[in-house]
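# Coordinate analysis (summary)
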Amino acid sequence: MSLPAEFHEIAKRVNNWGRWGEADELGTLNLITDGVVREAVAAVRTGHRIPLALPLRQDGVQSGLIPGRINPLHTMVQINQEIFGAGTVATSDDAVTMGLQAATHWDALPHVSHSGKIYNGRPADTITAHAGARFSSIAAVEHLVSRGVLLDVARARGVDRLPGDHAVTPEDLAAAEEFGGVRVRAGDIVLVRTGQMRLALAGDRDAYGYPSPGLSVRTPEWFHARDVAAVANDTLTFEIFPPEIADLWLPVHALHLVEMGLLQGQNWNLEALSTACAEERRYAFLLTAAPEPFAGATGSPVAPVAVL
């Protein structure tokens, strides 16, 4: 089934192919300039640090809804082993098997494709079984520090959690801006809170994954107009799931990653940040969120920290 005309019309309006040159692999991360980072540092007032990552654990948020995306399987490969002989210093080592997008993570630009293309018009078949993504893999993102902005849509609407059928619209994002007294600007990393993470933290993995509120297909144009560098939220699927347009699966993924070159993240725990921002009545902060540099990978775990 081909993508509908509505999708292609939005794609034309948000397309960034060639904007930073034909060789570009970073997309909207190019918007994080030295000046943007200096201004981000200036947002720090108290030094209060808030971690935004879920623990990497075997009983994590993955329930089997997304095939192959397994929770971390942690194994001890050495336990107090005196590897250099009796009486020497003993070591303990670990190994892990996991889906790189299993918990709090970034999706790299080639995480999805459509019409045989990935970001910047490159062929989707440049992703191979042995080498992974040849272009724009997560390893291309060597550092990621900018001003973070929390758009607390749930709190702005006066609820703890948006209902599962709520598609977050540009109007919701604008209302959250007004609620927080903040204006999203070029180079920002936007964090959108729906409150869906509360279900995961309560141990209900199935309800966390489905049905889920998330971003509407209308929001990429809003992020494009603001020149946002990256977007993350507190859901498993990022966009509303099931989709708002029947049989149009993952359109926001395709518009962000393929058309715009916009890095996106899922399973971010924004609950403590929501409380802190509400208490301090400010919704902008320094955000550090560099991914692990897995060569060829289409995503990576991340342990982001907001500094207020």
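Note that this is a predicted model, so its numbers are computed, not measured. (Residues numbered from 1 in each chain as written. Predicted model: local features only at pLDDT ≥ 70, side-chain atom pairs only at ≥ 80, totals over all residues. Heavy atoms only, no water.)

## Some thoughts on the pattern of salt bridges
For the coordinates displayed, the defined rule picks out 14 salt bridges. When the shortest N-O distance is used, the salt bridge between R155 and D152 registers 3.4 Å. According to the relative accessible area criterion, R155 is partly exposed, its value standing at 31%. Note on D152: relative accessible area 0%, which makes it buried. Taken together, the salt bridges that share partners define one network made up of D152, R155, D160, R193, R198 and E271. (Salt bridge = Lys/Arg side-chain N within 4 Å of Asp/Glu carboxyl O. Buried < 20%, exposed > 50% of the residue type's maximum accessible area, 1.4 Å probe, protein only.)

## A few points about the packing of aromatic side chains
Tallied over the full model, the rule gives 5 aromatic pairs. Considering the side-chain rings of W106 and W268, the 5.0 Å spacing of their centres and the 70° angle between planes classify their relative orientation as edge-to-face. In this pair, W106 is assigned in strand β4 (residues 105–107) and W268 in the loop between β12 (263–266) and α9 (271–280), connecting sequence segments 162 residues apart. Of the residues examined, W106 reaches a relative accessible area of 0% and is grouped as buried. Accessibility expressed as a relative area gives 0% for W268, which makes it buried. Sitting above the plane of the F135 ring, R122 keeps its charged end 4.4 Å from the centroid. In this structure, R281 packs its charged tip against the face of F179, placed 5.3 Å from the ring centre. (Phe/Tyr/Trp six-rings, centres within 6.5 Å; stacked < 30°, edge-to-face > 60°. Helix = DSSP H or I, 4+ residues; strand = E, 2+ residues; numbered from the N terminus. Lys NZ or Arg CZ within 6 Å of the ring centre and 35° of its normal.)

## Structural notes on the side chain of R147
Here R147 lies in strand β7 (residues 145–152). At 2.8 Å, the side chain of R147 and the backbone oxygen of R183 are in polar contact. Filtering out sequence-adjacent residues up to four positions away, R147 remains in contact with A40, V182, R183, V184, R185, D188, I189, A284 and F285. (Polar contact = N/O pair within 3.5 Å; in protein donor to acceptor, adjacent residues only side chain to side chain. Contact = heavy atoms within 4.5 Å.)

## Notes on helix α4 (residues 170–180)
Within α4, the full set of buried residues consists of P170, D172, L173, A176, E177 and G180. All buried residues of α4 lie within an arc of 160° about the axis, which places them on one face of the element. Following α4 by one or two positions, G181 has its phi on the positive side, about 65°. (Arc of directions from axis to C-beta.)

## Focus: empty space enclosed by the protein
For the coordinates displayed, the defined rule picks out 1 cavity of 30 Å³ or more. Here the residues of the lining of the largest cavity are counted per class, giving 7 nonpolar, 3 polar and 1 charged. (1 Å grid on protein atoms, 1.4 Å probe; cavity = no way out; pocket = protein on both sides within 12 Å on 5 of 7 lines; lining within 4 Å. Points joined across faces, edges and corners; volume = space filled by probe spheres on them. Nonpolar A, V, L, I, M, F, W, Y, C, P; charged D, E, K, R; others polar.)

## Side note on the environment of G99
With respect to the helices and strands, the residue G99 is situated in the loop between β3 (91–97) and β4. G99 gets classed as buried once you look at its relative accessible area, which sits at 11%. Sequence spacing of G99 and G299 is 200 residues, and the spatial spacing of their C-alpha atoms is 9.1 Å.

## Digging into the environment of R198
Position of R198 relative to the elements: it lies in helix α5 (residues 197–201). Measuring from C-alpha to C-alpha, the distance between R198 and H253 comes to 23 Å, with 55 residues separating the pair along the chain.

## Describing the environment of L257
Looking at the secondary structure, you find L257 in helix α8 (residues 251–260). Remark: the alpha-carbon pair of L257 and H111, spanning 146 residues in sequence, is separated by 7.4 Å. Non-local contacts of L257, meaning those with residues more than four positions away in its chain, are made with D107, A108, L109, H111, V112, Y119, L262, L263 and Q264.

## Some details on the sheet that holds β4
Across the sheet, 9 strands lie side by side as β1-β15-β13-β7-β9-β11-β12-β4-β14; this open sheet has mixed pairing. Two strands in the sheet have a free side with no partner beyond their single neighbour: β1 (49–51) and β14 (299–301). Neighbour-to-neighbour, the strand axes of the sheet open up by a mean angle of 25°, direction not taken into account. In the sheet, β7 pairs with strand β13 (residues 284–288) via 5 bridges, with the strands oriented antiparallel. Bridge pairing in β13 links G148 to F285. (Pairing = 2+ DSSP bridges. Axes fitted to C-alpha atoms, helices over the stretch in contact; angles between N-to-C directions.)

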